[in-house]
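A closer look at the structure
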2 protein chains.
Amino acid sequence: MSLGSASKAINAPAAVREKTRVAVEAAVRKLGYIPDASGRALASRQSRTVGIILPTISNVVYSAFVHALHKVLAGHGYPLFVLAHEYDADLEAAYVRELIGRGVDGLVLIGTDHRAQVHDLLAASATPHIFAWSIDEAPAFNALGISNHRAMEALADYLISLGHRRLSMITGAVIGNERARARVKGLEDAVARHGASLATVLEMPLTIEGGRVGFAEWLARKDGATALVCATDLQAAGALDQARLAGVRVPQDLSVTGFDDIEFAALLSPPLTTIRMPIDQLGHDVGAALVALMQGGAPFASRELHTGLVVRASTAGPVSSPK
Amino acid sequence: MSLGSASKAINAPAAVREKTRVAVEAAVRKLGYIPDASGRALASRQSRTVGIILPTISNVVYSAFVHALHKVLAGHGYPLFVLAHEYDADLEAAYVRELIGRGVDGLVLIGTDHRAQVHDLLAASATPHIFAWSIDEAPAFNALGISNHRAMEALADYLISLGHRRLSMITGAVIGNERARARVKGLEDAVARHGASLATVLEMPLTIEGGRVGFAEWLARKDGATALVCATDLQAAGALDQARLAGVRVPQDLSVTGFDDIEFAALLSPPLTTIRMPIDQLGHDVGAALVALMQGGAPFASRELHTGLVVRASTAGPVSSPK
DNA sequence: TTGTAGGCGTTATCAT
DNA sequence: ATGATAACGCCTACAA
């Protein structure tokens, strides 16, 4: 029996006589043969693989997304390779290169703000790809996500409707991150629209610790704000903890909000008022859209998914001004 | 100029004349050339890549580990490909196959309990690999982690020293998971040693929701336990939340414990008594050991890392028996 | 249905 | 220091 027949027996068992198929299967088992993906990819020009490049794997909101995405992709026989660049735009570009060089059939990127080189690489290689998460500053095609701007406006509207007139914010670094930018902008716009004021905007790491440090710094400024808006639930969790340590009562002395509605948001004390990211739906839709693209579908018009305001106990009307 | 020279200019810039190097660099930039990893892997027999296969990406304790591991591997120029099998042993084996087929230079697996096929694959391909997390039921070589058994004994000793005589446990599925097994066994052994008793052991998913359901079921049994030991912080978080809903006061009516000491453990209410996993150290050590292996080092004797008991407010002596 | 042969993009060997 | 050439393992025509 020839090499070619063996190849066929493995990849198209139907196009081969039962006898040779069985023979090949036996040999495979006996020899512990594992097809070499490199040879296969080289010859067939495809890898049956999709990659996703995350800002970080340490924020559960991203790992929850990977989880949801994984489910639909695995159903189509695509293993999902995960890479994290830790908010380093150059590293992200390097990873895009790496993955394209590896011949991934599809690629998922988070957000819409990437190095120009990333777009060049994607275009030159014609790799099917999706920009997931955000439609702020989105290209006309292949972006699937929420409007961070609108979501934050809705949150601000709510706080202002409670009677807050002076707000402050802890955000993440805005360069290279349109989500952070749009959240700040949404808050600014809502505040301006209502004639309220934005006292302080602090840039901190998008982590629990970042929220802790941000809260401490905000407190030291005594800026008179009665509500503290955080760019993520992680930061809000840190801020809440630091508030407790500092003796600032939430929500009596200060309202605190997050963004994402991670599972832990409801378990904090007090439970966190936040914006719900439709993570499962996003994972599902991105997976489906990517599969369509990989099967030769045309680029799709950028599509918006909707968020919701989740009111819990970390917000209330202002009564006394905080320390 | 020949193809061979171009290859050298890219991979060993020092072994080539400055002039040709510059020429190649210019051409690379001009053409937007990306080396094809398949061809490269095929010819060189190595991929400069390492893979890690996780039980799940949804438990922060694993993503924190990936984060730590990533840091040391990236420093050596190895991108880390992450796969998650969601506690499906067959899928894990398939992924091992997949990664070996892809020619990863190194592989990290979680825990020591894997399909026999996994060990065969690893041996046949001579892929450098490490079993991270646990030394329970560990092979003599290449395992690096904690003793779940001893850690749980220490926790149980502590609870019993508080005066608890009747304990119950929520664990994860124990088949295919030596960590869950060792944690149950550690509790059983400590209880037996002190002449205390283990009222109920419930197998639940290793998630927040699993903890919620487990708590509800435990409560319905009215088994008289005064302390509820959970196999992970995630389960404990769910149990705590469900206790609050059910009006069971922690720690007055019931002590609750976790395992892992994830960042959120300190932010729950009440803050969780738990076992600290030395995640950063584990990530660092596993990374260093794997690099050594990939550079041709000999297999290393399995090594134990140490855990610590973290006492917070979710535990206290038994006063009244719970509802 | 099966065998044969060429080539995928890269590196490695060996002369030059 | 460079150029030619033979692999690497697999797939895919195409011929038998």
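Below or above, wherever it landed, is the structure these notes cover. All figures in this text were calculated on a predicted structure; none of them were measured in a lab.

Time to look at the overall build of chain A. Of regular secondary structure, chain A possesses eleven helices and twelve strands. Overall size of chain A, expressed as C-alpha extent along the three principal axes, is 85 × 35 × 30 Å. Considering only intrachain contacts with a sequence separation of at least 6, the fraction spanning at least 24 residues in chain A is 72%. Total accessible area on chain A stands at roughly 13100 Å², and carbon and sulfur atoms take up 55% of it.

Each side of the interface is counted separately: chain A has 49 residues, and chain B has 47 residues. Of the roughly 4100 Å² buried between chain A and chain B on both sides combined, carbon and sulfur atoms contribute 65%. Here chain A and chain B share two salt bridges between them. Note that Arg45(B) is salt-bridged to Asp36(A), the shortest N-O span being 3.9 Å. Across the contact surface, chain A and chain B share 14 residue pairs in polar contact (both at pLDDT 80 or more). Elements supplying a minimum of two residues to the side of chain A that touches chain B: α3 (37-44), α4 (60-75), β2 (80-84), α5 (89-101), α9 (208-221) and α10 (233-246) of chain A. Element by element, the count of residues in the side of chain A that touches chain B is highest for α5(A), at six residues. For the side of chain A that touches chain B, the class distribution of residues is 27 nonpolar, eleven polar and eleven charged.

What follows is about the relation of the copies chain A and chain B. The transformation that overlays chain A on chain B combines an axial shift of 0.0 Å with a rotation of 180°, and the residual RMSD is 0.1 Å. When the rotation and shift are considered jointly, the pair of chain copies conforms to a two-fold rotation axis. No C-alpha of chain A approaches the rotation axis more nearly than that of Ser38(A), which lies at 2.2 Å. A high fraction, 96%, of the interface residues of chain A reappear at the interface in chain B, so the copies pair face to face through one surface.

The subject of this paragraph is the protein's contact with DNA strand C. In the region of DNA strand C, 23 residues are neighbours, and Arg17(A), Thr20(A), Ser7(B), Asn11(B) and Tyr33(B) sit closest. Counting only the atoms of DNA strand C that lie within 4 Å of the protein, the sugar and phosphate share comes to 67%. Here a phosphate oxygen of DNA strand C and a side-chain polar atom of Ser5(A) are 2.8 Å apart. Within the contact set of DNA strand C, a phosphate oxygen lies 2.9 Å away from a side-chain nitrogen or oxygen of Arg40(B). Contributing elements (two or more residues each) for the surface near DNA strand C: α1 (3-11) and α3 of chain A together with α1 (3-11) and α3 (37-44) of chain B. Ranked by the residues each element gives to the surface near DNA strand C, the list is headed by α3(B), at five residues.

Right, let's talk about the protein's contact with DNA strand D for a bit. What surrounds DNA strand D is a group of 20 residues, the closest being Tyr33(A), Arg40(A), Ser2(B), Arg17(B) and Thr20(B). For DNA strand D, the backbone portion of the atoms within 4 Å of the protein, that is sugar and phosphate, comes to 68%. Between DNA strand D and Thr20(B) there is a distance of 3.3 Å, counted from a phosphate oxygen to a side-chain nitrogen or oxygen. Of all the secondary-structure elements, those providing two or more residues to the surface near DNA strand D are α1 and α3 of chain A together with α1 and α3 of chain B. In terms of residue count, the dominant contributor to the surface near DNA strand D is α3(A) (four residues). Partitioning the surface near DNA strand D into residue classes produces eight nonpolar, seven polar and five charged.

In this fold, Ala43(A) is placed in helix α3. According to the relative accessible area criterion, Ala43(A) is exposed, its value standing at 67%.

Here the focus is the nonpolar core. Grouped together as the largest cluster of nonpolar side chains are 158 residues, with contacts concentrated most on Phe65(A), Phe264(A), Phe65(B) and Phe264(B). Ala93(A), Leu107(A), Leu122(A) and Val118(B) belong to the second largest nonpolar core, which has 34 residues in total.

The next point concerns the packing of helix α7 (residues 148-161) of chain A against helix α8 (residues 178-194) of chain A. Residues and elements named next belong to chain A. Relative orientation of the contacting elements α7 and α8 amounts to 40°, with a least axis distance of 7 Å. As judged from the angle between their axes, α7 and α8 are oblique. Considering the relative orientation of α7 and α8, their crossing is right-handed. Packed against α7, whose contacting residues are Asn 148, His 149, Met 152, Glu 153, Ala 156, Asp 157 and Ile 160, the element α8 presents Arg 179, Ala 182, Arg 183, Lys 185, Gly 186, Leu 187, Asp 189, Ala 190, Val 191, Arg 193 and His 194 at the interface. Looking at the contact of α7 with α8 residue by residue, the classes come out as seven nonpolar, four polar and seven charged.

This next bit is on helix α7 (residues 148-161) of chain B. All names here are of chain B. If you check α7, its first and last C-alpha atoms are 20 Å apart, about what 14 residues at 1.5 Å a residue would give, namely 20 Å. The complete set of buried residues in α7 reads Asn 148, His 149, Ala 151, Met 152, Glu 153, Leu 155, Ala 156, Tyr 158, Leu 159 and Ile 160. Gly 163 sits one or two positions beyond α7 and adopts a positive phi of about 115°.

In this section: the pairing of β2(A). All names here are of chain A. With five of five residues buried, β2 lies mostly within the body of the structure. With burial as the criterion, each face of β2 is covered, one bearing Leu 80, Val 82 and Ala 84 and the other bearing Phe 81 and Leu 83. Direction of pairing for strand β1 (residues 50-54) relative to β2: parallel, over a ladder of five bridges. In the strand pairing of β2, Val 50 is matched with Leu 80. You can see the chain leave β1, run along α4 and come back into β2, and the turn it takes is right-handed.

A negative phi angle characterises most non-glycine residues, just as the trans form characterises most peptide bonds. Residue and element names in this part refer to chain A. Across the junction of Ser 269 and Pro 270, the peptide omega takes the value -5°, indicating a cis bond. Following the sequence through the fold, Pro 270 ends up in the loop between β9 (255-257) and β10 (274-276). Of note, the phi angle at Lys 222 is positive, near 45°, even though the residue is not glycine.

Now for the packing of α5(A) against helix α6 (residues 116-125) of chain A. All names here are of chain A. Packing of α5 against α6 brings their axes to within 9 Å, and their N-to-C directions diverge by 15°. Of the possible angle classes, the one that applies to α5 and α6 is roughly parallel. Of the two elements, α5 crosses α6, and the hand of that crossing is left-handed. For the pair α5 and α6, the contacting residues are Ala 93, Val 96, Arg 97 and Ile 100 in the first and Gln 117, Val 118, Leu 121, Leu 122 and Ser 125 in the second. Tallied by class, residues from the contact of α5 with α6 come to six nonpolar, two polar and one charged.

Following the sequence through the fold, Ala237(B) ends up in helix α10 (residues 233-246). With 59 residues separating them along the chain, Ala237(B) and Glu178(B) place their C-alpha atoms 22 Å apart. Excluding its chain neighbours within four sequence positions, the residues that come into contact with Ala237(B) are Phe264(A), Leu267(A) and Leu268(B).

Rules of the game
- Residues numbered from 1 in each chain as written.
- Chains lettered and ligands numbered in written order.
- Predicted model: local features only at pLDDT ≥ 70, side-chain atom pairs only at ≥ 80, totals over all residues.
- Heavy atoms only, no water.
- Helix = DSSP H or I, 4+ residues; strand = E, 2+ residues; numbered from the N terminus.
- Contact = heavy atoms within 4.5 Å.
- Areas by Shrake-Rupley, 256 points an atom, 1.4 Å probe, with all protein chains shown as cover.
- Buried area = accessible area lost by both parts, 1.4 Å probe.
- Salt bridge = Lys/Arg side-chain N within 4 Å of Asp/Glu carboxyl O.
- Polar contact = N/O pair within 3.5 Å; in protein donor to acceptor, adjacent residues only side chain to side chain.
- Nonpolar A, V, L, I, M, F, W, Y, C, P; charged D, E, K, R; others polar.
- Least-squares fit on C-alpha atoms with pLDDT ≥ 70 in both.
- Near = heavy atom within 4 Å.
- Buried < 20%, exposed > 50% of the residue type's maximum accessible area, 1.4 Å probe, protein only.
- Core = buried A, V, L, I, M, F, W, Y, C linked by side-chain atoms within 4.5 Å.
- Axes fitted to C-alpha atoms, helices over the stretch in contact; angles between N-to-C directions.
- Parallel < 35°, antiparallel > 145°, perpendicular 65-115°, else oblique.
- Left-handed = near helix turned anticlockwise from the far one by under 90°.
- Expected span 1.5 Å × (residues − 1).
- Pairing = 2+ DSSP bridges.
- Right-handed = clockwise from strand over helix to strand, strands pointing away.

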